[in-house]
Amino acid sequence: MLLLGVLFFPLIAAVLVYLSGNRHAGKVALGLALVELAASALLLNSYNNADALNISFLAPWIDNPHINFHIAVDGLSLLMVLLTTFLVPIIILSNISKTVDNARSLYALVLLMQFALIGVFVSMDAFLYYIFWEVALIPIYFIALLWGEGQDKPFRNRAIFKFFVYTLAGSLFMLLAFIYLYQYADGFGVNELYGLGLSDKEQLFVFLGIFIAFAVKIPVFPFHTWQPDTYKEAPTIGTMLLAGIMLKMGLYSLLRWLLPVVPHGVAIATPYVIILCVVGIIYGSIIAIRQGDVKRLLAYSSFAHVGLIAAGTFALTNEGLQGAVVQMLAHGVNVVGLFFAAEIILRRTGTLEIAQLGGIRNVAPKFATCFMIIVLASVALPTTNAFIGEFLLLYGAYQYNTYLGAVAGLTIILGAVYMLRMYQKTMLGETNALTADFADLTISELLVFVPLIVAIFVFGVYPKPLMDLAQPALDTILNFAVR
Amino acid sequence: MKTLIYTSGLGIVCMLAEMLNLRKVVVPLAVVGLLAIFGLNITGWGLNEGSFNNMVMTDNFGTAFSGLLLFLGALLLMLSSNFYKNEDSRIADYVCIIIFTLAGAIALSTYGNMAMLFMGLEVMSISLYILAGSRKRDIRSNEAAMKYFLMGSFASGVLLFGIALIYGETASFDLQAIANYVSTTQTTMMFNIGVGMILVAMLFKVSAVPFHFWAPDVYEGSPMLITALMSTVAKIAAFAAFYRLFTSCFLIAIPTYAWVLTAVAALTITVGNFTALNQDSFKRLLAFSGISHAGYMMLAIVSMYGKTDNAIFYYAVAYGISSVAAFAIAIVVAKNVGNEKIDGFNGLGKSKPFLAAALTIAILSMAGIPPFAGFFGKYYIFSEAIKTGHIGLTVVAVINSIVGVYYYFKVILAMYTKDSSESVISISPAYTFVIILCTLLTILIGIYPTALANLL
């Protein structure tokens, strides 16, 4: 029952926020998101006590086709839920001091998005999962469209629309694949879909249908073209939701709904998929080096990082999957921090052009320190969370193929190049007219950075709880996926 | 059978109301009457009997479709009092013709005999010819009526020709007798040609490609309310007739025409969608999107030997209520702006958030995005098609769903991202009621589809 509460509370919260009026919407939303965080902590407790009543719920929903309203958490789902409930209050807090038009709609949509995201992570029925997956698209579409920051409105409309069409197109093929599977499984539940034993050819077609959906969302090269423009044009709050949590939907779904469902299809396609991922890593990194705009640079860097996660996942080793889980969480935390830093620069100076910035550290030391820590975490410095993740992912990739592993390893070097160069050019050096009176962090801004930095170090030094939590779920997945 | 008689009776009562000078009460009277008949119709649930030598069948398929048609008809009539405000003196005429359209539509979903099929089709079509021209001072309305009449009577001729050929072969008009004949006797070429001609007439009535050319012009020229009537009630009734005819006695001819039906379905979806892309009139956009929706319903016809009546009924419900909501909002907006362009919706998100939200939901449902009703409609249709092995056709349909998003979202973009200089939009209570009801149903049926999806 607790799980039901955790799932539906954001939906109720969204209604409450909408009713609370524009003036208080931000604070109400923050409060309710914190309640949700507390509820998910209770959920963790129930999970540790193996309290079956609280961590799963099953009710028949639709008779024909057989669709159950089946939600449950295993370690993997729980980690994703915790990531969501941890990041959403931070994302709301990051935006709270900003005045926005029609704030109640914005925050209601953010909470609606949280509802759909949690739904995606806890659904154990493919059809239910698909519905949440699609529903998540509607709030983010409106958030990006209506509160977007790009000045060129028609361009923004096109960019956001492209994002919508790409993801929807991918999802529809996933739906076809699920319908196809349903004929054999006579149900959409994980238990029915795992280990179906279709022929290799069928598995390959189903693989392609499902993979396109995830490849667009993650995104995997060459399905990434929606990403930089969308990140740039969306408001930062939307970018954080997209990069911090929504990308993880794709990666999580690889683990839950692709690898164990069509293992032979995966086995046939893996060489090509990993090559695509590695191409994406290198391509994203090189383009990131060439970017003059902080937000676009972060978009490409994010693209390169998730490429590595996907590559490690497809290596199908225990280390690769462990790395994927740890790095999903780490990337979620880090990327929110990075985009928040970009947002602060934008708010203070009105620009994100690297060439126009510089010397901010001289006037804003607190901000410079926070930003530095997050930059170092995202280039995977030891003792930060991303180090553990990237190390395991690269290890997984090496196990799959030494050469591909070596090439993928370039991501750390290239990542250091563009991140540190960006930091150097924006924060160090002499101040100029734009940055001379750059105010340092306010309390509420500092409050955004503190939990992120704590998470970076705690899980950088001691990632074991995360890995222990995920291990049983990964064992099950590997058991079905390696056949 | 009772449903059909009472609906015709209601039409006559409305005509009398005109004579007795009761114009003020005619719309409420008609709506209440239709709802009463709707209730009466439900009492026929579970029966399976024929009346008048099996001219009219009372079975679940017919009862379900009659119920849907009556419901949609009642909703559209609620909109009519405001719509025909300027032509108050003739309102009773229009109301009674709309009810006769419904009577024809009900005959089309309950017939058991070729003669009844033809009568139903004609009653419905002739009423629509008149209604299309009901703005008689508007030249485009006249053009629509004329065009519809010429093309429609041509299709009726082809239908009659086909029925005659079938009669020549089987010596009966009765669907059951024809089915018996077909199952015991080897059919000849004449039968196949007859089926082909009936097929052409049916495809014309559901505005499937390549027999769709009349639809956009007629839809655009007719008054908006009548466009709504044509694209919901008339289209759904034609599909019910189409499905009933082919499942009850022409199933055997399906393999002969399988590739024709498949090609027509693929073309209908594709042409409808791609032509809709370039429209800047909302009415025309709905007309073309209606053509593509007909294509999706064709998928259920193509795979009908897998018993797809549930799928087609659910799709018809989802499409019907979303369309009524969209048309109701379009009527309100068009009345205030003075034209039917998509630009007329500019800034609706700011000036009338309620209307904008309702239209967004209707559009998302038509585009097939969960959790709204249209999504399950598409789901059921696709899953039936995959079950019967039409995977290629389904992929075409899926690609088209994505294209559909493109033009549907033009309206959403207009509402939320563009500014307007228009003044306040006024909306009457009847419209508010219909819009809210349709929106709620779109959500409810989407969240809990079981109730409808296993009806038949």
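Throughout what follows, the structure given in this document is the object of discussion. (Residues numbered from 1 in each chain as written. Chains lettered and ligands numbered in written order. Predicted model: local features only at pLDDT ≥ 70, side-chain atom pairs only at ≥ 80, totals over all residues. Heavy atoms only, no water.)

1. What about the interface of chain A and chain B?
Opposite the 30 residues of chain A that make contact, chain B presents 33 residues. In total, chain A and chain B occlude about 2900 Å² of area from one another, counting both sides; carbon and sulfur atoms represent 80% of this. Together, Phe161, Leu176 and Ile179 of chain A form the three largest contributors to the area buried by chain A at its contact with chain B, with a combined 18%. In this assembly, chain A and chain B are joined by zero salt bridges. For the interface between chain A and chain B, the tally reads three residue pairs in polar contact (both at pLDDT 80 or more). Per element, the largest residue contribution to the side of chain A that touches chain B is 14 residues, and it comes from helix 8 (residues 153-185) of chain A. In the side of chain A that touches chain B, the residues fall into 24 nonpolar, three polar and three charged. (Contact = heavy atoms within 4.5 Å. Buried area = accessible area lost by both parts, 1.4 Å probe. Salt bridge = Lys/Arg side-chain N within 4 Å of Asp/Glu carboxyl O. Polar contact = N/O pair within 3.5 Å; in protein donor to acceptor, adjacent residues only side chain to side chain. Helix = DSSP H or I, 4+ residues; strand = E, 2+ residues; numbered from the N terminus. Nonpolar A, V, L, I, M, F, W, Y, C, P; charged D, E, K, R; others polar.)

2. Topic: the pairing of strand 1 (residues 56-62) of chain A
All names here are of chain A. Where strand 1 meets strand 2 (residues 67-72), six bridges bridge the pair, whose relative direction is antiparallel. The partner of Phe57 across the bridge, within strand 2, is Ile71. Counted between consecutive antiparallel strands, the loop separating strand 1 from strand 2 contains four residues. (Pairing = 2+ DSSP bridges.)

3. Considerations on the packing of aromatic side chains
A complete count under the given rule lists 62 aromatic pairs over all chains for this structure. With 6.4 Å between their ring centres and 85° between their planes, Tyr129 of chain A and Phe178 of chain A make a pair best called edge-to-face. Here Tyr129 of chain A, found in helix 6 (residues 126-135), pairs with Phe178 of chain A, found in helix 8; they are 49 residues apart in sequence, far enough to count as distant. For the residue pair Tyr129 of chain A and Phe178 of chain A, the accessibility class agrees, reading buried in each case. Three or more aromatic residues link up through ring pairs in this structure, and these residues are Trp61, Phe127, Tyr130, Tyr182 and Phe188 of chain A together with Tyr314, Phe375, Phe376, Tyr379 and Tyr380 of chain B. Just above the ring of Phe438 of chain A sits the side chain of Arg348 of chain A; from NZ or CZ to the centre is 5.5 Å. The ring of Tyr111 of chain B has Arg244 of chain B sitting right over it, with the charged end atom 6.0 Å from the ring centre. (Phe/Tyr/Trp six-rings, centres within 6.5 Å; stacked < 30°, edge-to-face > 60°. Buried < 20%, exposed > 50% of the residue type's maximum accessible area, 1.4 Å probe, protein only. Lys NZ or Arg CZ within 6 Å of the ring centre and 35° of its normal.)

4. A few points about the nonpolar core
One finds Phe214 and Phe367 of chain A together with Leu245 and Phe250 of chain B to be the most contacted residues of the largest nonpolar core, which totals 392 residues. Look past the residues within four positions of Phe250 of chain B in its chain and what remains in contact with it is Met114, Ile166, Ile178, Phe191, Val195, Ile198 and Leu245 of chain B. (Core = buried A, V, L, I, M, F, W, Y, C linked by side-chain atoms within 4.5 Å.)

5. A few points about unusual backbone geometry
Backbone torsion omega between Ile218 of chain A and Pro219 of chain A reads -15°, so that peptide bond is classified as cis. In this structure, Pro219 of chain A sits in the loop between helix 10 (200-217) and helix 11 (227-233). With an omega of 5°, the peptide bond between Pro370 of chain B and Pro371 of chain B qualifies as cis. Tracing the backbone shows Pro371 of chain B in the loop between helix 15 (353-367) and helix 16 (373-387). Of note, the phi angle at Ala171 of chain B is positive, near 60°, even though the residue is not glycine. Topologically, Ala171 of chain B is positioned in the loop between helix 6 (139-170) and helix 7 (175-184). In this structure, Ser207 of chain B takes a positive phi of about 55° despite not being glycine. Secondary-structure assignment places Ser207 of chain B in the loop between helix 8 (189-205) and helix 9 (214-221). Residue Ser207 of chain B is classed as buried on the basis of its relative accessible area, which comes to 0%.

6. Brief notes about the environment of Ile360 of chain A
All names here are of chain A. Among the structural elements, Ile360 can be located in helix 16 (residues 360-363). Spatially, the C-alpha atoms of Ile360 and Asn95 are 21 Å apart, while their sequence positions differ by 265 residues. With residues up to four places along the chain from it excluded, the contact list for Ile360 reads Ile345, Phe367, Thr426, Met427, Thr435 and Phe438.

7. Remarks on the side chain of Lys295 of chain A
Residues and elements named next belong to chain A. Locating Lys295 in the fold gives a position in helix 14 (residues 294-314). Among the residues examined, Lys295 registers a relative accessible area of 3% and is labelled buried. One polar contact links the side chain of Lys295 to the main-chain carbonyl oxygen of Ala234, over a distance of 3.0 Å. Setting aside its immediate chain neighbours within four residues, Lys295 contacts Glu149, Tyr231, Lys232, Ala234, Pro235, Thr236, Thr239, Phe339 and Leu352.

8. What about the environment of Gly157 of chain B?
All names here are of chain B. Tracing the sequence through the fold places Gly157 in helix 6. Residue Gly157 is classed as partly exposed on the basis of its relative accessible area of 35%. Each C-alpha atom of the pair Gly157 and Asn21 lies 39 Å from the other, and the pair is 136 residues apart in sequence.

9. Describing the pattern of salt bridges
Oppositely charged side chains may form a pair once their charged atoms are brought near each other. Under the defined criterion, the tally for this structure stands at 17 salt bridges over all chains. In this structure, Glu343 of chain A engages Lys98 of chain A in a salt bridge whose closest nitrogen and oxygen atoms are separated by 3.2 Å. With a gap of 245 residues between them, Glu343 of chain A in helix 15 (residues 318-349) and Lys98 of chain A in the loop between helix 4 (75-96) and helix 5 (103-122) connect regions that are remote in the sequence. Note that Glu143 of chain B is salt-bridged to Lys147 of chain B, the shortest N-O span being 3.4 Å. Taken together, the positions of Glu143 of chain B and Lys147 of chain B, both in helix 6 and four residues apart, correspond to about one turn of that helix. Among the residues examined, Lys147 of chain B registers a relative accessible area of 29% and is labelled partly exposed. Each of Arg140, Glu143, Lys147, Asp217, Glu220 and Arg284 of chain B takes part in one network of salt bridges that share partners.

Spatial relationships are all this shows, so hold off on functional conclusions.
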